[in-house]
Amino acid sequence: MLNEDVRERDTFRSDAPVTRTDDDGVHRPAPGPASRRSGAAGLGLLLLAITGGAAYGYTYLNRPVAKPVAAAPLPVPVTLGTVEQGPFALVSNGLGTVQAYNTVQVRTRVDGEIQQVAFREGQTVHKDDVLVQIDPRPYQAALAQAKAKKEQDTANLGNAKADLVRYTGLGAYASRQQTETQTALVAQLTAQVASDQAAIDNATTQLGYATVRAPIDGVTGFRQVDIGNIVNAAGQTPIVTITQVEPIFVVFTAPEDQLPAIAAALRKGDVPVEAWSSDGLTKLADGKLALFNNQVDTATGTIRLKAVFENKIHALWPGLSVSTKMRVGTVAVAMTVPDNAIQHGPDGLFVFSVDDGNHAHQRALKAGRSDSGRTRILSGDLQPGERVIVAGQYKVQDGSLVGDPHAAHTAQAEAVR
């Protein structure tokens, strides 16, 4: 009895090892109640972790979104100028072409072979300078012949005059017919001597034409003949072309509505005219208005004008395209703004003015003429010293906050000094 009770207790002890036999005959311990409790605890922890993660994700995804703090608007970078008040020149701008004061195509007036070319292409020559020498021998021979003929006729005239004196001295012994015939012969020979003198003058002139001289002061162009060429007076090819460039003309145009002001200024005295390069960046010369044409071009509505320039440094050259600035008067007090400040809008011209708070405001205006980079304001709500935007307007709207970085750097540099 006692032994059976012991075996039964041992069977129900919780800490007694329990074994099982596998198919391969190996005895392994069978899972007991402690192992089952450990597995259940791990599964519970896993479920708890999953539940906690889901709750955290739900809370994170549904949290209220914080609104960003609005940043202060940055000023639009622009360049500023100022409105100025003072004297303003009334300048008429135009386009023109430089024209030589005189242009001469030098041609020969006699036939012959060129023996000498006495100038260089592009050389500045003066009146009566030798340009070309043509073979003079035929004309020297003609001159000598004319002189010999005159001497012959002069001798005959002297003899005829002596006979007339003798016939007149005979009185009644000489017939009237003889006297009158001799008188006529003297007159005929006198005329012949005069004709011989004319022939001498002509031969002298032809001989002079054999030496081609410059008819004016000027600059020579390309030479069209060489030594040994045969030239003739009937030929159309010039030897060279000479242009006078001191002084020189500029022919330009102006709108017809400016004609009264131009005429009034010309009556008062000299009207200054400036010649500039075609791009308007370089001033070439100063001159004055010489005249305006006697009629207006109805096709273009413009009047042609001609200005004269001394051109001592040869800045102007015939055929050169230039821009012109003609001052026809001066306004004592005028409001002006930089040219670049004026903008074109659907309602007309306007500028952006900048107040003390650096805010831009659109101001409508009417503009007049421009001179030296500034435009005259005929009407508009602008005051002297007021700031206007001259660059960067494409980013600006009415009321925009603006700033001029260049002005800030300038102020800092002055403060450092």
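Computed from a predicted structure; not experimentally measured.

Participant: How would you summarise the pattern of salt bridges if you had to cite specific residues and measurements?
Facilitator: Counted according to the given criterion, the structure contains 10 salt bridges. For E180, the salt bridge is made with R176, and the minimal N-O distance between the two is 3.0 Å. Of the two residues, E180 and R176 both sit in helix 4 (residues 176–209), four residues apart, roughly one turn of that helix. What makes E180 partly exposed here is its relative accessible area of 46%. Across the salt bridge formed by D286 and K283, the nearest N and O atoms sit 3.0 Å from each other.

Participant: Before we move on, could you go through the nonpolar core and cite the residues and values that matter?
Facilitator: Of all hydrophobic cores here, the largest spans 22 residues; its most connected members are F252, L289, L305, F309, L316 and M326. Here the element with the most residues in this core is strand 12 (residues 240–255); it accounts for five residues. The contact partners of L305, leaving out residues within four places of it in the chain, are V250, V251, F252, T253, A254, I262, L289, L291, F292 and M326.

Participant: Please set out the sheet that holds strand 8 (residues 130–134) residue by residue, giving values where relevant.
Facilitator: Spatially, four strands are ordered 9-8-6-11 in an open sheet, and the strand pairing comes out antiparallel. Strands at the two margins of the open sheet, each flanked by one partner only, are strand 9 (211–213) and strand 11 (230–231). Here strand 6 (residues 112–117) runs beside strand 11; their pairing, made up of two bridges, is antiparallel. Residue pairing across strands places G112 opposite V231, the latter belonging to strand 11.

Participant: How would you summarise a negative patch on the surface if you had to cite specific residues and measurements?
Facilitator: A contiguous patch of negative charge on the surface is contributed by D128, D129, D217 and E246. Looking at the element boundaries, D129 is found in the loop between strand 7 (124–125) and strand 8.

Participant: Any details on the side chain of T324? Residues and values, ideally.
Facilitator: Position of T324 among the secondary structure elements: in strand 16 (residues 321–338). With relative accessibility at 2%, the residue T324 sits in the buried group. When neighbours within four sequence positions are excluded, T324 is seen to be in contact with S92, N93, G94, L95, V250, F252, V273 and E274.

Participant: Help me get a handle on a nonpolar patch on the surface, residues and values and all.
Facilitator: Judged by side-chain polarity, L46, L47 and I50 come together as a nonpolar surface patch covering roughly 300 Å² of accessible area. Considering the arrangement of structural elements, one finds L46 in helix 2 (residues 33–61). Of the residues examined, L46 reaches a relative accessible area of 49% and is grouped as partly exposed.

Participant: Which residues make up helix 3 (residues 137–170), and what are the values?
Facilitator: Taking 1.5 Å per residue, 34 residues should reach 50 Å; helix 3 reaches 50 Å between its end C-alpha atoms and fits that length. Along helix 3, the residues classified as buried are Y139, L143, A146, D153, L157, A160, D163 and L164.

Participant: Tell me about the pairing of strand 15 (residues 302–309), and please be specific about residues and values.
Facilitator: Burial within strand 15 is extensive, with six of its eight residues counted as buried. Where strand 14 (residues 283–292) lies against strand 15, five bridges are found, and the strand directions are antiparallel. Residue pairing across strands places K288 opposite V308, the latter belonging to strand 15.

Participant: Quick one: what's the story with helix 5 (residues 259–268), residue by residue and with numbers?
Facilitator: Among the residues of helix 5, those classed as buried are I262, A263 and A265. Buried residues along helix 5 cover an arc of 165° about the axis, so they all sit on one side. For helix 5, the exposed residues lying more than 90 degrees away from the buried face are P260, R267 and K268. For helix 5, the elements touching its buried residues are strand 12, strand 14, strand 15 and strand 16.

Participant: Which residues make up unusual backbone geometry, and what are the values?
Facilitator: That bond from E246 to P247 is cis: its omega, -5°, falls within 30 degrees of zero. Structurally, the position occupied by P247 is in strand 12. If you check the backbone angles, H314 has positive phi at about 60° while not being a glycine. Looking at where H314 falls in the secondary structure, it is placed in the loop between strand 15 and strand 16.

Cut-offs and rules
- Residues numbered from 1 in each chain as written.
- Predicted model: local features only at pLDDT ≥ 70, side-chain atom pairs only at ≥ 80, totals over all residues.
- Heavy atoms only, no water.
- Salt bridge = Lys/Arg side-chain N within 4 Å of Asp/Glu carboxyl O.
- Helix = DSSP H or I, 4+ residues; strand = E, 2+ residues; numbered from the N terminus.
- Buried < 20%, exposed > 50% of the residue type's maximum accessible area, 1.4 Å probe, protein only.
- Core = buried A, V, L, I, M, F, W, Y, C linked by side-chain atoms within 4.5 Å.
- Contact = heavy atoms within 4.5 Å.
- Pairing = 2+ DSSP bridges.
- Patch = residues over 30% accessible without salt bridge, like charges linked within 9 Å, V, L, I, M, F, W, Y side chains within 5 Å.
- Areas by Shrake-Rupley, 256 points an atom, 1.4 Å probe, with all protein chains shown as cover.
- Lys, Arg positive; Asp, Glu negative; His and termini not counted.
- Charge placed at Lys NZ, Arg CZ, Asp CG, Glu CD.
- Expected span 1.5 Å × (residues − 1).
- Arc of directions from axis to C-beta.

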